[in-house]
Amino acid sequence: MRGLFLCFFILFTSVLFSQTRLGGRPGENGKESDEQKKQDSIPPVDLYKIISVKNDTTHLDTTLTILKDYKFNYLRKDNFELLPFSNTGQTYNTLSYTEDNTKAFPGFGAEARHYNFMEVDDINYYQVPTPWTQLYFKTVPEQGQQLDALFTINTSKNLNMFIAYKGTRALGKYQNILTSTGNLRMGFSYNTNNDRYRIKAHFVSQDLMNEENGGLDSLAVLQYIAEEEEFDDRSVLDVKYEDAKSTLFGKRFFIDHEYELTDPMDSTNNLSISHIFDHSYKKFVFNQETAENTLYGDSFEATNLQTSTRLYTTFNEVAVNFQNDVLGKLSVKAGHTNYDYGYNAVYITEESVVGNKLFGDLLHLAATYQERIGDFDLKAAGRLNLDDDFSGNYLNISAGYEFDDKNSIRFGFDQNSSLPNFNFLLYQNDYINYNWQNDFDNVSSQRLYARLSSEKYANVNFSLSQIDNYTYFAENENGSVKPFQYDQPVRHLKLKAEKEFDFGLFGSYNTIMYQNVLEGTGVLNVPDLVTRNSIYYKDFWFDKALYLQTGFTFKYFTKFEANAYDPILAEFYVQNEEEIGGFPVVDYFFNAKVDKARIFFKLQHLNSLVTGNNNFSAPDYPYTDFLVRFGLVWDLFL
């Protein structure tokens, strides 16, 4: 990774120099020459296209809005439904239940470490008229920085290439919570002159390391809650241990290409074949210098504990695609997955044997359908695994209607069935209690949903979900964290609404979410209410050379029995003893836009200067104190 980063740094530095405009010689009349005017002209930003793996296309947006402030964080996504830990790069607790409605194959596990892990859908492709560089920078709580740098160029109209690196290093205010993460991605997209052949491909290499301390010890929790003045220096609070770390590694090579069998210029009927190849490798490693037997039970080793969990997958899928003006677009697919998950040794006890491998080959059939008739559109997708041991399927059907360009509605039904993640089925560790092999049933879920998008009224999302054989981690009667499968249905209702109000020089953006666990309370715990409200002033200053937004954001969620964090598994587990929440968080922000640069300044958790902070993100894991944060997003063009 360090070698790849060095190559990227050299390339990126050369790109920055190549994008620097050198001063030209003015003409004799004191005005800029025609050549200099040509150099200084930049194509409109809507010509800089951003293309998802599913070919959904948007364009570069250099405006400054309150939504950009919400996304100016470590994930670069709106984290309204997440509760961050105290240090940048750590995990997040969840404030809502979400599900993958296209899951038909087990995931790797270590879900708490996957928030910043870039999957296939997180990689974008580009089409740009000139070379484009985007720089993201933000400060961290203590000693470090965040950086996300992207460079993309079209060497011709047909070929685009990109390279990007996202790196974070943060010490944090508590003992032994250093984070050091890196996400390298590079790729290209190409199409022939007649657009008959198209290809997208990328390579990613990721390593996400967190030092682990197990949270505050019992005495430090009391000192933290009591807000004793001498413990305002958080580094003097004792933690459960200071010698552990966990790291999630990943590499992926991905290709998606398509060939038109008919004339691409024929808009009536199109027939094509496509192929997707995805070779992925994931490894999760937990290291600890000295065993904590009082916390986690007996261990095979007293010192130098290290466990590596690996998963290799090779996915191939071939599709035949037919598109007709009247019948719509139909794709019929067939695929194969080779998987190899496990460890290097078998664990044998007097009662049972814990194997070391889950491996094999899986065939599947799938199909998608899309049709649009006027302002009405229909979408459907499904998959069926042809395997008894790893059976799985999903079906997604939705319909939408556009009333006009500012108002639309979509409603649908999802159903999916899949085995739980691999670490529920098989897990090994140097701690004896963290060894198991289970024969769980498929987790099956159904969801009804509706989405209303309206600039005039509000954006409203409604969903009603039922999960059978819900699988989760929790402590057993001996206090050891184990996987469990619930034998009753779990039902969850969620209603979320958001609306922006514009009052000229002032604005307000409000988001509110209501949830109710209708059945399954105690295995699925979420707050009843989550809200975020921003009020701000906005205007142009300095003869419209600077645009600013400044104001306050208020966040709040009701008390609930939040999941606890287990660093050995990198998973959250259900607990029903401690409540967190019920505290407000007020941030002050001052954001400005100068040319193509957006500058962000924030006083985070400002109200804690008055009220103090003895709140938690998870049991034994403190919530973030008052922080001064600043950074920028800067788009550079040649």
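The notes below deal with the structure included here. Remember, predicted model here, so these are calculated numbers, not experimental data.

1. So, the overall build of the protein chain
Helices and strands together make up the secondary structure of the protein chain, namely seven helices and 37 strands. Radius of gyration (C-alpha) of the protein chain: 26 Å, near the 26 Å computed for a compact globule of 638 residues. Along the longest, intermediate and shortest principal axes, the C-alpha atoms of the protein chain span 85 × 60 × 50 Å. Among the 638 residues that make up the protein chain, the fraction classed as buried is 52%. Long-range contacts, defined here as pairs at least 24 residues apart, represent 64% of the contacts in the protein chain between residues at least 6 apart. For the protein chain, the accessible area works out to roughly 30,600 Å², and carbon and sulfur atoms hold 56% of it.

2. Remarks on the nonpolar core
Across soluble globular proteins, nonpolar side chains show a tendency to be buried alongside one another. Judged by nonpolar contacts, the single largest core of 45 residues is most densely connected at Phe 284, Tyr 341, Phe 422, Tyr 427, Tyr 431 and Tyr 434. Considering each element in turn, this core owes the most residues, three residues, to helix 6 (residues 422-425). In contact with Tyr 341, not counting residues within four places along its chain, are Phe 108, Thr 309, Arg 310, Leu 311, Asn 356, Lys 357, Leu 358, Phe 422, Asn 423, Leu 426 and Tyr 427. Core analysis: the second largest hydrophobic core is formed by 22 residues, Val 221, Phe 557, Phe 560 and Phe 616 among them.

3. So, the side chain of Thr 309
As for its placement among the helices and strands, Thr 309 is situated in strand 13 (residues 303-324). The class of Thr 309 is buried, set by a relative accessible area of 3%. Among the polar contacts listed, one links the side chain of Thr 309 to the side chain of Tyr 343, at a separation of 3.0 Å.

4. Considering a nonpolar patch on the surface
Taken together, the side chains of Phe 376, Leu 378, Leu 395, Ile 397, Tyr 401, Phe 403 and Leu 452 make up a nonpolar region of the molecular surface, amounting to roughly 570 Å² of accessible area. When residues in the nonpolar patch are grouped by element, the largest group, four residues, is from strand 19 (residues 393-404). Locating Phe 403 in the fold gives a position in strand 19.

5. Topic: helix 4 (residues 218-225)
The α-helix advances 3.6 residues per turn, and as a result positions three or four apart in sequence lie on the same side. For helix 4, the complete set of buried residues consists of Ala 220, Val 221, Gln 223 and Tyr 224. Mapping the buried residues of helix 4 onto a view down its axis gives an arc of 165 degrees, with all of them on the same face. With respect to the buried face of helix 4, the exposed residues turned more than 90 degrees away are Ser 218 and Leu 222. After helix 4 finishes, the residue Glu 227 shows a positive phi value of roughly 55 degrees.

6. Observations regarding the sheet that holds strand 2 (residues 57-59)
The pairing of strands in a sheet happens through backbone hydrogen bonds and is either parallel or antiparallel. Taken together, three strands build an open sheet; the order of strands is 2-1-5 and the sheet is antiparallel. Bordering the open sheet on either side are strand 2 and strand 5 (125-127), each of which pairs with just one other strand. Averaged over all neighbouring strand pairs, the angle between strand axes comes to 30 degrees, with direction disregarded. Here strand 1 (residues 49-51) runs beside strand 5; their pairing, made up of three bridges, is antiparallel. Pairing of Ile 50 across the sheet is with Tyr 126, part of strand 5.

7. What about the layout of surface pockets?
Empty space within the second largest pocket amounts to approximately 530 Å³. Lining the second largest pocket are 26 residues, with Lys 240, Glu 475, Val 481, Ala 564 and Tyr 573 sitting closest to its centre. Elements represented by at least two residues in the lining of the second largest pocket include exactly helix 5 (293-296), strand 25 (471-475) and strand 31 (564-566). Sorting elements by how many residues they give to the lining of the second largest pocket places strand 31 first, with three residues. Among the residues making up the lining of the second largest pocket, the classes are represented as 12 nonpolar, eight polar and six charged.

Criteria and cut-off values
- Residues numbered from 1 in each chain as written.
- Predicted model: local features only at pLDDT ≥ 70, side-chain atom pairs only at ≥ 80, totals over all residues.
- Heavy atoms only, no water.
- Helix = DSSP H or I, 4+ residues; strand = E, 2+ residues; numbered from the N terminus.
- Rg over C-alpha atoms; globule rule 2.2 N^0.38 Å.
- Buried < 20%, exposed > 50% of the residue type's maximum accessible area, 1.4 Å probe, protein only.
- Contact = heavy atoms within 4.5 Å.
- Areas by Shrake-Rupley, 256 points an atom, 1.4 Å probe, with all protein chains shown as cover.
- Core = buried A, V, L, I, M, F, W, Y, C linked by side-chain atoms within 4.5 Å.
- Polar contact = N/O pair within 3.5 Å; in protein donor to acceptor, adjacent residues only side chain to side chain.
- Patch = residues over 30% accessible without salt bridge, like charges linked within 9 Å, V, L, I, M, F, W, Y side chains within 5 Å.
- Salt bridge = Lys/Arg side-chain N within 4 Å of Asp/Glu carboxyl O.
- Arc of directions from axis to C-beta.
- Pairing = 2+ DSSP bridges.
- Axes fitted to C-alpha atoms, helices over the stretch in contact; angles between N-to-C directions.
- 1 Å grid on protein atoms, 1.4 Å probe; cavity = no way out; pocket = protein on both sides within 12 Å on 5 of 7 lines; lining within 4 Å.
- Points joined across faces, edges and corners; volume = space filled by probe spheres on them.
- Nonpolar A, V, L, I, M, F, W, Y, C, P; charged D, E, K, R; others polar.

In short, the description is geometric, and any link to function would need to be established separately.
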